[in-house]
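Residue-level structure breakdown
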Amino acid sequence: MLDWLKKINSDYPVFWKEYSSKFEKKSNRYVAFSLETTGLNPNKDVILSIGAIAIANNQIIIGDAFEIAIPQYKHLHDNGIQPDLITESLLPKLAEPAAIEKFIQFIDNAVLVGHRTYFDVELLNVALEKLGCGRLRNEALDIEIMYKKLHDISDKSLALDDMATQYKLQKTELVSAIDDTYTIALLFLKLKSKLGF
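Residues numbered from 1 in each chain as written. Predicted model: local features only at pLDDT ≥ 70, side-chain atom pairs only at ≥ 80, totals over all residues. Heavy atoms only, no water.

**Topic: the sheet that holds strand 4 (residues 111-114)**
Put simply, the rule is: Strands were regarded as paired on the criterion that DSSP finds at least two bridges between them. In this text, helices come from DSSP runs of H or I with a minimum length of four residues, and strands from runs of E with a minimum of two, each type numbered from the N-terminal end. Note on definitions: angles span 0 to 180 degrees between N-to-C directions of axes, and those axes are lines fitted to C-alpha atoms, for helices only across the stretch in contact. Contact between two residues is taken to exist if any of their heavy atoms lie within 4.5 Å; hydrogens are not considered.
A sheet is described by the order of its strands in space; here five strands give the open sequence 3-2-1-4-5, paired in mixed fashion. Across the chains shown, the open sheet's two edge strands, defined by having one partner strand only, are strand 3 (59-69) and strand 5 (140-142). Direction aside, the axes of adjacent strands within the sheet are offset by 25 degrees on average. The sheet contact formed by strand 1 (residues 29-37) and strand 2 (residues 47-56) spans nine bridges and is antiparallel. Considered in strand 2, the bridge of V31 is made with A54. Taken strand by strand, helix 9 (residues 177-195) contacts strand 1, strand 2, strand 3, strand 4 and strand 5, and its axis lies near 35 degrees from that of strand 2.

Structure representation (structure tokens):
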């Protein structure tokens, strides 16, 4: 191996080196995920919570789930969001660096599945950059793109609830990353079957 490549690799945190080493073979595990954020600008907004659930053999694996709140009090205040959203949450809480590390360990080399995945992946990449890591290496699928392909739609955005209603999926009254994640997982399995892959 070239000396400069060894040096670059030695500068990464241990969890990132372990994660990066797992892409030799393709995974048969999918991970549906969703983030709650302070806004839609990856350059100034931050992640407030992460929800994720594994899918394997065309089944949602309830026991293989991830949910964490990330207290970002300064960003909450700057965005006019009440901090009790996080402080009163019953979710486990971790500071952003530890939460991102645990999420990376959870996803492993799985194929990520989300709604408007490009935005969530970019926010995760910004958080990883702060930790001295590279960019996510996982393949990523977007249920909105899958839905549009199946229904030959190109000119409009589709909310998660609209797609869920189309497939008669029960919606929860709660607004949380894990609830969205479960809906994403259900939609993914329906779309995956209809698209034949």
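Moving on from the coordinates now.
**Some thoughts on the pairing of strand 2**
Remark: a regular strand shows side chains that alternate across the two faces of the sheet. So the rule is basically this: Burial classes follow relative accessibility: with a 1.4 Å probe on protein chains only, a residue under 20% of its type's maximum area counts as buried, one over 50% as exposed, and anything between as partly exposed.
A large share of strand 2 lies buried, amounting to nine of its 10 residues. With eight bridges connecting them, strand 2 and strand 3 associate as antiparallel partners. Residue pairing across strands places I50 opposite I68, the latter belonging to strand 3. Hairpin remark: strand 2 followed by strand 3, antiparallel, with two residues in the connecting loop; positive phi at N57, about 50 degrees.

**Some thoughts on helix 9**
As a reminder of what qualifies: Multiply 1.5 Å by the residue count of a helix minus one, and that product is the helix's expected span.
Taking 1.5 Å as the rise per residue, helix 9 with 19 residues should run 27 Å; its terminal C-alpha atoms sit 26 Å apart, in good agreement. For helix 9, the complete set of buried residues consists of A177, D179, T181, T183, I184, A185, L187, F188, L189, L191 and K192. Residue G196 follows helix 9 closely and has a positive phi angle near 75 degrees.

**Some details on the packing of aromatic side chains**
Condition: Only rings of Phe, Tyr and Trp enter the pairing, Trp through its six-membered ring, and a pair is recorded when the two centres are within 6.5 Å. The plane angle decides the type: under 30 degrees is stacked, over 60 is edge-to-face, the rest tilted. By the criterion adopted, a ring carries a charge over it if an Arg CZ or a Lys NZ lies within 6 Å of its centre and within 35 degrees of its normal.
Applying the stated criterion across every chain, the model contains eight aromatic pairs. Consider the rings of F188 and F197, whose centres lie 6.4 Å apart with planes at 65 degrees: the pair is edge-to-face. Classification of F197 as partly exposed rests on a relative accessible area of 45%. Put simply, the rings of F33, F66, F103 and F106 pair up and form one aromatic cluster. If you follow R29 out to its NZ or CZ, it ends over the ring of F106, 4.9 Å from the centre. Taking the ring centre of F197 as reference, the NZ or CZ of K192 above it sits at 6.0 Å.

By themselves these figures say nothing about function.
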